[in-house]
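Remarks on the overall topology
Each chain is listed here by its residues.
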There are 2 protein chains.
Amino acid sequence: MSLVRNLPPPPYWAVIFTSKLDPPVPADYAAMADAMDDLAKTQPGYLGHESLRDAAGTGITISYWRDEASILGWKRDLDHQAAMASGRDKWYRRYHIRVAEVSRAYDFNRT
Amino acid sequence: MSLVRNLPPPPYWAVIFTSKLDPPVPADYAAMADAMDDLAKTQPGYLGHESLRDAAGTGITISYWRDEASILGWKRDLDHQAAMASGRDKWYRRYHIRVAEVSRAYDFNRT
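To keep things clear, this report deals only with the structure shown in the data block. (Residues numbered from 1 in each chain as written. Chains lettered and ligands numbered in written order. Predicted model: local features only at pLDDT ≥ 70, side-chain atom pairs only at ≥ 80, totals over all residues. Heavy atoms only, no water.)

Attention shifts here to the overall build of chain A. Regarding its fold elements, chain A presents three helices and four strands. In sequence order, chain A lays out its α and β elements as β-α-β-β-α-α-β. The principal-axis extents of the C-alpha atoms in chain A amount to approximately 40 × 35 × 20 Å. Taken over 111 residues, chain A has a buried fraction of 47%. Taking as baseline every contact in chain A between residues at least 6 positions apart, the subset at least 24 positions apart corresponds to 76%. When the accessible area of chain A is evaluated, it comes to approximately 5500 Å², of which 53% is carbon and sulfur surface. Within chain A, the 14 negative side-chain charges are centred at a point lying 5 Å from the centre of the 14 positive side-chain charges. (Helix = DSSP H or I, 4+ residues; strand = E, 2+ residues; numbered from the N terminus. Buried < 20%, exposed > 50% of the residue type's maximum accessible area, 1.4 Å probe, protein only. Contact = heavy atoms within 4.5 Å. Areas by Shrake-Rupley, 256 points an atom, 1.4 Å probe, with all protein chains shown as cover. Lys, Arg positive; Asp, Glu negative; His and termini not counted. Charge placed at Lys NZ, Arg CZ, Asp CG, Glu CD.)

Here's what the structure looks like:
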């Protein structure tokens, strides 16, 4: 995974999505996740996302958005809604979604 | 890693810390990270944290805080400042810190 950099100066918004599924990650889950990654990138206001999942099936995905309206648009996307419903039915044991406004950011790059 | 749950209702705050270091993770880095985990838990306003790092050395750590003042207190902690300075000197190739106010949260638990 690559870190998201070159975001605009704050304020911008973040959606922190943490989840637990039973390993190993099912192939159809991975396909859905890839499709949602591709779809998110087409959404107005999408700035980038980062995602990691450990061998125990615990994952963190953070997506960054220009404003709160962009997040609501993504939430309402019908394909996204269907994917989330499948996730609840088939894959996720638990998840948490936290919507947050980023007010300050600091970057370090080794020179 | 365990997911943080049972947070209070929003608003609360999150610090999104993403970083890249050169794998394998050095033993002295892991010791520092463990010490900082323990220290953070003693800070006023600390609510929990989640952390994952992949084999390529890319990591996401999210810590949750009662309010912005708690985050400033943790930022000013001298042992934490020393650890961050060591990180810049020795370990991190790059990092990003994003301070955000969580305004909405949704939880799903399979019944």
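Here a ring pair, both rings aromatic, is described through the centre-centre distance and the interplanar angle of the planes. Residues and elements named next belong to chain A. Scanning all chains against the criterion turns up 18 aromatic pairs over all chains. Summarising the aromatic geometry, the rings of Tyr 12 and Tyr 64 are spaced 6.1 Å apart at their centres and angled 75° between planes, so their arrangement reads as edge-to-face. Of this pair, Tyr 12 sits in strand S1 (residues 12–21) while Tyr 64 is found in strand S3 (residues 58–65), placing the two residues 52 residues apart along the sequence. By the burial criterion, Tyr 12 is buried, and Tyr 64 matches it. (Phe/Tyr/Trp six-rings, centres within 6.5 Å; stacked < 30°, edge-to-face > 60°.)

As summarised here, the arrangement of the eight strands in space is S2(A)-S3(A)-S1(A)-S4(A)-S4(B)-S1(B)-S3(B)-S2(B), forming an open sheet in which the pairing is antiparallel. Every other strand in the sheet has two partners, leaving strand S2 (46–53) of chain A together with strand S2 (46–53) of chain B as the edge strands with one partner each. Strand-to-strand twist across the sheet, computed as the mean angle between neighbouring axes with direction ignored, equals 25°. Judged from the seven bridges that link them, S2(B) and strand S3 (residues 58–65) of chain B form a sheet pairing that is antiparallel. Looking at S3(B), one finds that B:His49 is bridged to B:Ser63. Set on the sheet, helix H1 (residues 27–41) of chain A makes contact with S1, S2, S3 and strand S4 (92–109) of chain A; between it and S2(A) the angle comes to about 160°. (Pairing = 2+ DSSP bridges. Axes fitted to C-alpha atoms, helices over the stretch in contact; angles between N-to-C directions.)

What follows deals with unusual backbone geometry. All names here are of chain A. Following Pro 10, the chain continues to Pro 11 via a peptide bond in cis, the omega torsion being 10°. Relative to the assigned elements, Pro 11 resides in the segment before S1. The phi angle at Asn 6 is positive, at roughly 60°, despite the residue not being glycine. When you line up the elements, Asn 6 lands in the segment before S1.

Let us look at the environment of B:Pro26. On the secondary structure map, B:Pro26 appears in the loop between strand S1 (12–21) and helix H1 (27–41). Along the chain, B:Pro26 and B:Trp91 lie 65 residues apart, while their C-alpha atoms are 8.2 Å from each other.

A separate point is the relation of the copies chain A and chain B. Rotating chain A by 180° about the axis while translating it 0.0 Å along that axis superimposes it on chain B, leaving an RMSD of 0.0 Å. Interpreted geometrically, this transformation is the action of a two-fold axis. The residues that chain A uses at the interface reappear at the interface of chain B in 100% of cases, marking a shared surface. (Least-squares fit on C-alpha atoms with pLDDT ≥ 70 in both.)

We now examine the interface of chain A and chain B. Tallying the contact residues gives 49 residues for chain A and 49 residues for chain B. Regarding the contact of chain A and chain B, the summed buried area is about 4200 Å², with carbon and sulfur atoms giving 55% of it. Viewed at the interface, chain B and chain A are joined by four salt bridges. Of the charged contacts in the structure, one is a salt bridge between B:Arg104 and A:Glu68, with a shortest N-O distance of 3.3 Å. For the interface between chain A and chain B, the tally reads 33 residue pairs in polar contact (both at pLDDT 80 or more). Taken together, the elements giving at least two residues each to the side of chain A that touches chain B come down to S1, S2, S3, helix H2 (68–76), helix H3 (78–91) and S4 of chain A. No other element matches the 18 residues that S4(A) contributes to the side of chain A that touches chain B. (Buried area = accessible area lost by both parts, 1.4 Å probe. Salt bridge = Lys/Arg side-chain N within 4 Å of Asp/Glu carboxyl O. Polar contact = N/O pair within 3.5 Å; in protein donor to acceptor, adjacent residues only side chain to side chain.)

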